[in-house]
Amino acid sequence: MDARILMKLTISMLMLLLLIILFGFLITFLTLLYYSPGKPESFQDKNGKTIANSISEKIYVNIGGIRQGMIIRSKSIQNPVLLYVHGGPAFPNYFLIEKYKPGLEEYFTVCYWEQRGGGLSYSSDIPIETMTFEQFSSDALEVTNYLRQRFKKDKIYLMAHSGGTPIAIKVIANAPHLYNAYIAMAQVTCQSESERIAYKYMLEQYAATGNSKALGELMNYPILDQDGSLVPFFKSPIRDKYMHELGIGTMRNMKSVFMGVFIPVWTCKAYTLKEKINIWISKLTFVRKARFHDELFQLDIPSTIPKLDIPVYFISGKYDLTVNIDLSKAYFKKLQAPLKGFYTFQHSAHSPLFEEPQLVRQIFEKDILKTGLSMADKD
């Protein structure tokens, strides 16, 4: 074949490949724009009209001197107010609220506050030294008072998940008079011990199945660093990867972080495209520099908070080793409170709210809102 013809053919093929790639990028970009209107879904009646007295908004409030974002939703603003403190810390999970629709808005005016440095509250201007549990708790108290004033409530309910529980329980301990009850999903106790138990479990499981690849990768991140720190393993990509693969991570049936977390963030319509990018900038760069990871492994909540002065409800998944259920239960048994109930979800790992939402709603309806324990574990 003539060299010039061959060159033209090669150039034509390269141009075609380039066009295909550009077309793929265009389709991806347009798809992301479609899924990124940046507005939380409104509550509508059967005729498609917005329900009277409902609320569904995304707002920004100055909290702790920082512009912080929150999504507030309810079928009726006359409902009691619930502040939801997500985990991470500083990695919001509203995208899972939108995906699984657990329905707390049927009973409450729910504020999904996004903590400083994460999600809607990300900014590169935030001083990294303010990313501490002490500051997060101070912020949570400010959000509480904002909600009390706005919705004219003397008290509100406080619910926290995982890494949000050390933030919330400190606020409850310091200002119990502001809250009706504390609901903890995957209550952190001594996270250093929880990580050790999970790591040992993963090694045992992969040794039993002869998975040398997984064992080798785990060995590359020893549970304790040379200085005794757990942070390298905690921040490593293999921690989440193998926790999810073994069903002890975010959800019992969420085997892939990519499909279970990454994709739902990008398809969540409550966020704009820029806000979604900020979620990942925060998660992968900014938040990783924060001190609270070191603080997390120094916490001994059972020793520092042995008593709470309001009703307490602990929710844990039977298969949760992300925040060990046995450690949460042991703390619960010692914790002094005027009323307390522990609820074990038989088909859940770390997130019963998304794994068994109907049961969560029943607990809220029959126990928490009535200050009862009819559905609590008997042992």
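What you see is a predicted model, and the numbers here were worked out from it, not measured in a lab.

Draft legend 1. Spotlight on the pattern of salt bridges. Per the stated rule, a full pass over the model turns up 13 salt bridges. The partner of Glu41 in a salt bridge is Lys101, and the shortest N-O contact between them spans 3.9 Å. Of this pair, Glu41 sits in the loop between helix 1 (3-34) and strand 1 (55-63) while Lys101 sits in the loop between helix 2 (94-100) and strand 4 (109-113), and the two are 60 residues apart along the sequence. Glu41 gets classed as partly exposed once you look at its relative accessible area, which sits at 48%. Here Asp139 and Arg116 are joined by a salt bridge, their closest N and O atoms 2.6 Å apart. You can see Asp139 sitting in helix 3 (residues 133-151) and its partner Arg116 sitting in the loop between strand 4 and helix 3, a full 23 residues away along the chain. Taking the relative accessible area as the measure of exposure, Asp139 reaches 0% and is therefore buried. When salt bridges that share partners are traced, they join Glu195, Arg239 and Asp240 into one network.

Draft legend 2. Region of the structure containing the pairing of strand 3 (residues 81-85). Of all five residues in strand 3, five are buried; the element is thus mostly enclosed. Burial along strand 3 is two-sided: Val81, Leu83 and Val85 and Leu82 and Tyr84, pointing in opposite directions, are all buried. Note that strand 3 and strand 4 share five bridges and pair parallel. Looking at the pairing, Val85 lines up with Trp113 of strand 4. In this region the chain leaves strand 3, passes through helix 2 and returns to the parallel neighbour strand 4; the handedness of that crossover is right-handed. Here strand 3 pairs with strand 5 (residues 156-161) via four bridges, running parallel. Paired with Tyr84 across the two strands is Met159, which belongs to strand 5.

Draft legend 3. Examining unusual backbone geometry more closely. Residues Gly88 and Pro89 are joined by a peptide bond in cis, for which omega reads -10 degrees. Note on placement: Pro89 falls in the loop between strand 3 and helix 2. Located in the positive-phi region is Ala90, a residue other than glycine, with phi close to 65 degrees. By the secondary structure assignment, Ala90 is in the loop between strand 3 and helix 2. The exposure class of Ala90 is buried, given its relative accessible area of 2%. Here Lys101, not a glycine, exhibits a phi torsion of approximately 45 degrees, which is positive.

Draft legend 4. Main features of the environment of Ile126. Positionally, Ile126 belongs in the loop between strand 4 and helix 3. Each C-alpha atom of the pair Ile126 and Gly65 lies 9.6 Å from the other, and the pair is 61 residues apart in sequence. Those residues in contact with Ile126 that lie beyond four places of it in its chain are Ile66, Arg116, Gly117, Ser121, Met131 and Phe286.

So, how was this worked out
Residues numbered from 1 in each chain as written. Predicted model: local features only at pLDDT ≥ 70, side-chain atom pairs only at ≥ 80, totals over all residues. Heavy atoms only, no water. Salt bridge = Lys/Arg side-chain N within 4 Å of Asp/Glu carboxyl O. Helix = DSSP H or I, 4+ residues; strand = E, 2+ residues; numbered from the N terminus. Buried < 20%, exposed > 50% of the residue type's maximum accessible area, 1.4 Å probe, protein only. Pairing = 2+ DSSP bridges. Right-handed = clockwise from strand over helix to strand, strands pointing away. Contact = heavy atoms within 4.5 Å.

Functional significance is not addressed by these values, which are geometric in nature.
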